[in-house]
Amino acid sequence: MAKKKKPPVDIPLTELIAGLKPSQRLLGLDLGTKTIGLAISDTGRMIASPLETIQRKKFMADAERLFEICLEQSIGGFVLGLPFNMDGSEGPRAQATRDFYHSLRDVWRERQQQPIPVTFWDERLSTVAVTRTLLDADASRARRDKVVDKMAASFILQGALDRARFATADETQASNATES
């Protein structure tokens, strides 16, 4: 019997942002096997800031911490880093990331909570870029280990925020050009 493929659950970034209430923020996630790096946007959705690193334990403990953060910080959407292979294909880590979100969504539905919408974002080389920046700043190995995951989440989220801002500017320019 063929394994049934789950339909995609992510929505386009512009739709995700358009659906947010003015006070809601985005949460960027860099999902690793041992940690989850988190970053948060401002309510204007212009700037991403590192928030924290969750040391992964069991799925339910991780889900509970994410739920608490979403309530505390008025989170309206996730930008979840998707680890594509260098050739652009999806490997086992990308599927594990999608499965993590599916499981998180299912837990929240069981609690009768509205699942948080997600946009998956290409995270290739985000950790490499952040590590290079920390090395350039002469951060110690201990310091790098402590902050790299939440900074990678910030790098991912900032990329999405920048793309959304420039996409909106391009749409506005195109609209103005057709009106002229």
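Because the structure is predicted, anything quoted here is derived from the model rather than measured. Residue positions within a chain follow its written sequence, with the count starting from 1. Thresholds applied to this predicted model are a pLDDT of at least 70 for local features of residues and 80 or more for the giving and counting of side-chain atom pairs; totals over whole chains, interfaces and linings are not thresholded and use all residues. Computation of side-chain values covers all heavy atoms of the structure but excludes hydrogens and water.

Visitor: What is the right way to read helix α2 (residues 59-73) from this model?
Guide: Given 3.6 residues per turn, any residue in an α-helix points the same way as the ones three and four places further on. With 15 residues, α2 should cover 21 Å at 1.5 Å per step; its first-to-last C-alpha distance of 21 Å lies within 8% of that length. Working definition: with a 1.4 Å probe on protein chains only, accessible area under 20% of the residue-type maximum means buried, over 50% means exposed, and in between means partly exposed. Strands are runs of DSSP state E lasting at least two residues, helices are runs of H or I lasting at least four, and both sets are numbered from the N terminus onward. All buried positions along α2 are accounted for by D62, A63, L66, F67, I69 and C70. Buried residues in α2, looked at end-on, bunch into an arc of 165°, giving them a common side. In α2, those exposed residues whose orientation departs by more than 90 degrees from the buried face are L71 and E72. Two residues or fewer after α2 comes S74, characterised by a positive phi angle close to 55°. Expected helix span is taken as 1.5 Å per residue step, with the number of steps being one fewer than the number of residues. An arc is given here, and it is the one of the directions from the helix axis to the C-beta atoms.

Visitor: What is the right way to read the environment of S126 from this model?
Guide: Summarising the element assignment, S126 is placed in helix α4 (residues 126-136). Between the alpha carbons of S126 and S154 there is a distance of 9.4 Å; along the sequence they are 28 residues apart. Throughout, a contact is declared for two residues whenever any of their heavy atoms are within 4.5 Å. The contacts of S126, once residues within four sequence positions are left out, are A152, F155 and I156.

Visitor: Sorry, what's going on with the sheet that holds strand β2 (residues 35-41) here?
Guide: Sheet strands pair by backbone hydrogen bonding; their relative direction is either parallel or antiparallel. What the 5 strands build is an open sheet, ordered β3-β2-β1-β4-β5; its pairing is mixed. Whereas interior strands pair on both sides, the edge strands pair on one side only; in this sheet they are β3 (48-55) and β5 (118-122). Taken over all neighbouring pairs, the strand axes of this sheet differ in orientation by 25° on average, direction set aside. This element, α2, spans β1 (25-31), β2, β3 and β4 (75-82) of the sheet and lies at about 150° to β3. Where helices are involved, their axes are fitted lines through C-alpha atoms of the stretch in contact, as for all axes, and angles between N-to-C directions lie from 0 to 180°. Across the sheet, helix α3 (residues 92-110) touches β1, β2, β4 and β5, and the angle it forms with β4 is around 160°. By this definition, two strands are paired if DSSP reports at least two bridges between them.

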